[in-house]
Amino acid sequence: MDTKNIKAPSTTITYNRDNLTNPTGNMYEAISIIAKRAEQINTDVKEELIEKLEEFATFNDSLEEIFENKEQIEVSKFYERLPKPHQIAVQEWLDGKIYFRDTSKSEEI
């Protein structure tokens, strides 16, 4: 996931209900799809953050060796400032970047 080029808002905004439901015609389906995508985004961001923070991990049990690492603080602040996963998912939904299909409407062979 490209966390540097996220265009989602980082504050709360009101969306037009019609824009959210247009692709599916059903608010519940739209929210369900957005929620599933938000879970995927959350997992990706969490894994990415853990990988970056593991670079700073020390495996000493000594309290004397604990110090502030400015790079680690900057990485943490960057991820704290990112839009929340549900905001990113809604923006992807509105931009038409989420692929979905209705399996109940597919043809049976």
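For the structure, check the block above.
To keep things clear, this report deals only with the structure shown in the data block. (Residues numbered from 1 in each chain as written. Predicted model: local features only at pLDDT ≥ 70, side-chain atom pairs only at ≥ 80, totals over all residues. Heavy atoms only, no water.)

### Brief notes about the layout of surface pockets
Here the largest pocket defines a volume of roughly 260 Å³. If you go around the largest pocket, you meet 13 residues; those closest to its centre are Ser 32, Ile 33, Lys 36, Phe 100 and Arg 101. Tallied by class, the residues present in the lining of the largest pocket amount to 5 nonpolar, 3 polar and 5 charged. (1 Å grid on protein atoms, 1.4 Å probe; cavity = no way out; pocket = protein on both sides within 12 Å on 5 of 7 lines; lining within 4 Å. Points joined across faces, edges and corners; volume = space filled by probe spheres on them. Nonpolar A, V, L, I, M, F, W, Y, C, P; charged D, E, K, R; others polar.)

### What about the nonpolar core?
The biggest cluster of nonpolar side chains holds 17 residues, and the ones touching the most others in it are Leu 20, Ile 34, Ile 41, Val 45, Tyr 79, Ala 89 and Trp 93. For this core, the secondary structure elements donating two or more residues are α2 (27-54), α3 (70-81) and α4 (85-94). When residues in this core are grouped by element, the largest group, 6 residues, is from α2. The contact partners of Ile 34, leaving out residues within four places of it in the chain, are Leu 20, Ala 89, Val 90 and Trp 93. (Core = buried A, V, L, I, M, F, W, Y, C linked by side-chain atoms within 4.5 Å. Buried < 20%, exposed > 50% of the residue type's maximum accessible area, 1.4 Å probe, protein only. Helix = DSSP H or I, 4+ residues; strand = E, 2+ residues; numbered from the N terminus. Contact = heavy atoms within 4.5 Å.)

### Some points on the side chain of Thr 21
Within the element layout of this structure, Thr 21 appears in helix α1 (residues 17-21). Not counting the four nearest positions on each side in its chain, Thr 21 is found in contact with Asn 26 and Met 27.

### As for α2
The terminal C-alpha atoms of α2, which comprises 28 residues, lie 40 Å apart, in line with the 40 Å expected from a rise of 1.5 Å per residue. Along α2, the positions that sit buried rather than exposed are Ala 30, Ile 33, Ile 34, Ala 38, Ile 41, Val 45 and Glu 48. Where α2 is buried, its residues meet α1, α3 and α4. With a side-chain oxygen lying 2.8 Å from the backbone nitrogen of Tyr 28, the N-terminal cap of α2 falls on Asn 26. (Expected span 1.5 Å × (residues − 1). Polar contact = N/O pair within 3.5 Å; in protein donor to acceptor, adjacent residues only side chain to side chain.)

### What about the packing of α2 against α4?
Between α2 and α4, whose axes approach to 8 Å, the crossing angle comes to 125 degrees. Taken together, the axis directions place α2 and α4 in an arrangement best described as oblique. Classified by chirality, the crossing of α4 by α2 is right-handed. Contact residues: Ala 30, Ile 33, Ile 34, Arg 37, Ala 38, Ile 41 and Asn 42 in α2; Pro 85, His 86, Ile 88, Ala 89, Val 90, Glu 92 and Trp 93 in α4. In terms of residue class, the contact of α2 with α4 is made up of 10 nonpolar, 2 polar and 2 charged. (Axes fitted to C-alpha atoms, helices over the stretch in contact; angles between N-to-C directions. Parallel < 35°, antiparallel > 145°, perpendicular 65-115°, else oblique. Left-handed = near helix turned anticlockwise from the far one by under 90°.)

### Quick look at the packing of α2 against α3
The geometry of α2 relative to α3 is characterised by a closest axis approach of 10 Å and an angle of 170 degrees between their N-to-C directions. With respect to each other, α2 and α3 are oriented roughly antiparallel. Contacts between α2 and α3 involve Val 45, Glu 48, Leu 49, Lys 52 and Leu 53 from the first element and Gln 72, Val 75, Ser 76 and Tyr 79 from the second. Residues of the contact of α2 with α3, tallied by class, amount to 5 nonpolar, 2 polar and 2 charged.

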